[in-house]
Each structure stands twice: as structure tokens, then as C-alpha cells.
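# Results of the structural survey
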Amino acid sequence: MNRIPRTLSAALGLALAAGVAALPGTASAAPATGAAAQHYTAPAPSLKGGAAKADNQAFFEAVMKSARAKQAAAPFLKAVVVTYDASNAPTFRTQIARSAQIWNSSVSNVRLQAGSNADFSYYEGDDPDNGSYASTDGHGSGYIFLDYGQNQQYDSTRVTAHETGHVLGLPDHYSGPCSELMSGGGPGPSCTNPYPNSAERRRVNSLWQSGLAATAR
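Turning our attention to the state of the cysteines. The final tally for this structure, using the stated rule, is one disulfide. Each sulfur in the disulfide pair Cys178 and Cys191 lies 2.0 Å from the other. Its S-S torsion of approximately 90 degrees makes the covalent link between Cys178 and Cys191 right-handed. Taken together, the positions of Cys178 in the loop between α4 (156–167) and α5 (198–207) and Cys191 in the loop between α4 and α5 put the pair 13 residues apart, joining distant regions of the chain.

Taking 1.5 Å per residue as the helical rise, helix α2 (residues 93–106) with its 14 residues ought to reach 20 Å, and the 20 Å between its terminal C-alpha atoms agrees with that figure. Within α2, burial applies to Gln95, Ile96, Ser99, Ala100, Ile102, Trp103, Asn104 and Ser106.

Moving on, we come to the confidence of the model for the chain. Residues at a pLDDT of 70 or more form 65% of the chain, whose mean pLDDT is 75. Within the chain, α2 carries the highest mean pLDDT (98), whereas strand β1 (residues 36–39) carries the lowest (61). Confidence drops under a pLDDT of 50 for residues 43–51, and excluding neighbours within four residues, the segment shows six contacts in the predicted structure. Segment residues 213–217 is flagged for pLDDT under 50; beyond a separation of four residues in sequence, or across chains, it makes ten contacts in the model.

Val82, Trp103, Phe120, Tyr122 and Trp208 are the most contacted members of the largest nonpolar core, which has 34 residues in total. Those elements giving two or more residues to this core turn out to be α1 (50–73), β2 (80–88), α2, β3 (110–114), β4 (120–125), β6 (142–147), α4 and α5. No other element matches the five residues that α1 contributes to this core. Beyond its immediate chain neighbours, meaning those up to four positions away, Trp103 contacts Leu112, Ala161, Thr164, Gly165, Leu168, Leu170, Leu181, Pro196 and Val204.

Parameters at a glance
- Residues numbered from 1 in each chain as written.
- Predicted model: local features only at pLDDT ≥ 70, side-chain atom pairs only at ≥ 80, totals over all residues.
- Heavy atoms only, no water.
- Disulfide = S-S within 2.5 Å.
- Helix = DSSP H or I, 4+ residues; strand = E, 2+ residues; numbered from the N terminus.
- Expected span 1.5 Å × (residues − 1).
- Buried < 20%, exposed > 50% of the residue type's maximum accessible area, 1.4 Å probe, protein only.
- pLDDT = per-residue confidence, 0-100.
- Contact = heavy atoms within 4.5 Å.
- Core = buried A, V, L, I, M, F, W, Y, C linked by side-chain atoms within 4.5 Å.

Encoded structure:
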């Protein structure tokens, strides 16, 4: 796989977490919130099972809180618009746009678009301990962190589309096949499929039907 250049971006006054390898100069870093996270590859045993499901639900609810407020101001819209900010992940600009396009062509009840006053943001940097992940601080804001090293090992568009799937309410399912987007890194680096399967598409449409999210089970 071609190596992704480690492009630098604005620091926003945020430092990378302790123990994370830093780039020369200052790289964009995700907010240091001690947040719950959903990872592209299987996390430590302590984060699996019920805890991982709870973390995923917390992230989804955090994003929905913001998106619902916007939906209330424009109830005539058929799809809930979820706005994202990719300015802090310039290296992955193409992959982020492609992931939004994939999801927008796959589901009808929610639409991703770039813009200001974002519901969630993308960040980039080095985090060899955690890799790429979707995270929430539990107080109404969420973000996606894209790790350089992991995006060199795995197909970057699949990584980005997978993490974006968490924004839309889908949990990890590492034991799934390559055809299942939320299997993440489970099938190994040779899996490059960036598309959700039919069950994942139905699940997202169901969650966002009529602009209201059903409780994840």
C-alpha cells in the first residue's frame, strides 16, 4: 500500500496524548477528553463486550443530540443532515469525502455533508496504541481520529468509512466477513471493501427514520 504523507495541520492548541509519537512540528490532535472510543481493530479485552457497546451508543447519541436540534429547525427535511468538519485531517481529505459519498449513496434517511457548526470532526495524527477510532466525550460532541500508521497498513477509505459508520450508529463486529464494513480490521489488511452491506444499510436507515433514532439494542 502506498505510504500516506504525514501532512501537518493547525494545532488548535491541542497536544497529542502522552506516549503518542509526535511528528516534526505540530500535527492535528483529537481533543484530550478521556473519551470512550470505538476502534478499527479489536481493542484491549477490557474494552470489548458490553463496555464497547455502551461506548458506541454514547458516541451515536452525542452526535444525534446535535443533529436533532438542527432537524427541529427544519422538520420538513426528509433526511437528517449530519455536518462534519474535516479541516483537521487534511491528509485524509479525499478519503473523508469518498466515505461521505459512499454513505450518502447507501442510505436515505441521513445525509453527511461538510460544513461549519459541525456535529462531529475528523482529526489525524500518530496513535500506535489505539489506531483509528471514533470517540465521544459524553457531553454532546464526537470526533473521529485517523491514525497514520494504521492507514498505511489498511485500506484508508475502508478505515474512514468504518469509523464514519459509528457516527451513524453502527457497532463494531470484528468477526464479520470483508463484505461487512463494520468488521473493520478483522478480515486483515487485504480487505479493501469500503461499502456497508445490505444489513448495515437497513440498520442505519432504521436508526435515522423520520429523523428519530431508535435505541440501539
